[in-house]
Amino acid sequence: MARVDMLFRQTAEYAAQGEQSDALFELGLSYCSGRDGVIDLVQAHKWFNIAAIRGNDDAKRYRSELAGDMSKAEIMRAQRLAREWLASVH
């Protein structure tokens, strides 16, 4: 979990500095695949959504595929979290 927290902080710093869609996409991959020991589809969707908004085409595809494995409530929660995060860095 510490690795995910560190990655989150680094990504937040990158995003605050500009259009770092690749770093945001990588964070989505981390949550989606569990490569850092944590699988969280809501968080993965959130980060793919933010990366997609920032222009990452792969994130758009992954977000769409991931949504097929999620409930409507989970998707709505991920979208809300993405909006909150975007509002916090602007």
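Each value, and the rule that gives it
Residues numbered from 1 in each chain as written. Predicted model: local features only at pLDDT ≥ 70, side-chain atom pairs only at ≥ 80, totals over all residues. Heavy atoms only, no water. Salt bridge = Lys/Arg side-chain N within 4 Å of Asp/Glu carboxyl O. Helix = DSSP H or I, 4+ residues; strand = E, 2+ residues; numbered from the N terminus. Buried < 20%, exposed > 50% of the residue type's maximum accessible area, 1.4 Å probe, protein only. Phe/Tyr/Trp six-rings, centres within 6.5 Å; stacked < 30°, edge-to-face > 60°.

Asker: I'm lost on the pattern of salt bridges in this one. Help?
Answerer: Two side chains carrying opposite charge are able to pair once their charged atoms lie near each other. Overall, the coordinates contain five salt bridges when judged by the stated rule. A salt bridge links D57 to K60; the shortest N-O distance between them is 3.4 Å. Placement of the pair is D57 and K60 together in helix α4 (residues 57–67), with a separation of three residues, close to one helical turn. For D57, a relative accessible area of 55% gives the class exposed. Across the pair R80 and E84 runs a salt bridge, and its minimum N-O distance is 3.2 Å. Linking R80 with E84, this pair stays in helix α5 (residues 72–89), spanning four residues, or about one helical turn. Of the residues examined, R80 reaches a relative accessible area of 35% and is grouped as partly exposed. Connected through salt bridges with shared partners, the residues D58, R61 and E65 form a single ionic network.

Asker: It is not clear to me how the packing of aromatic side chains should be interpreted in this structure. Could you clarify?
Answerer: The geometry of two aromatic rings is summed up by the distance between their centres and the angle between their planes. For the structure on display, the rule yields four aromatic pairs. Ring geometry for F25 and F48: centres 5.5 Å apart, planes at 40°, overall tilted. Of the two residues, F25 is situated in helix α2 (residues 21–33) and F48 in helix α3 (residues 41–53); the sequence distance between them amounts to 23 residues. Their ring planes at 55° and their centres at 5.4 Å tell us that F48 and Y62 sit as a pair that is tilted. In this pair, F48 is assigned in helix α3 and Y62 in helix α4, connecting sequence segments 14 residues apart. Judged by its relative accessible area of 27%, Y62 is partly exposed. One aromatic cluster in this structure is built from F25, F48 and Y62.

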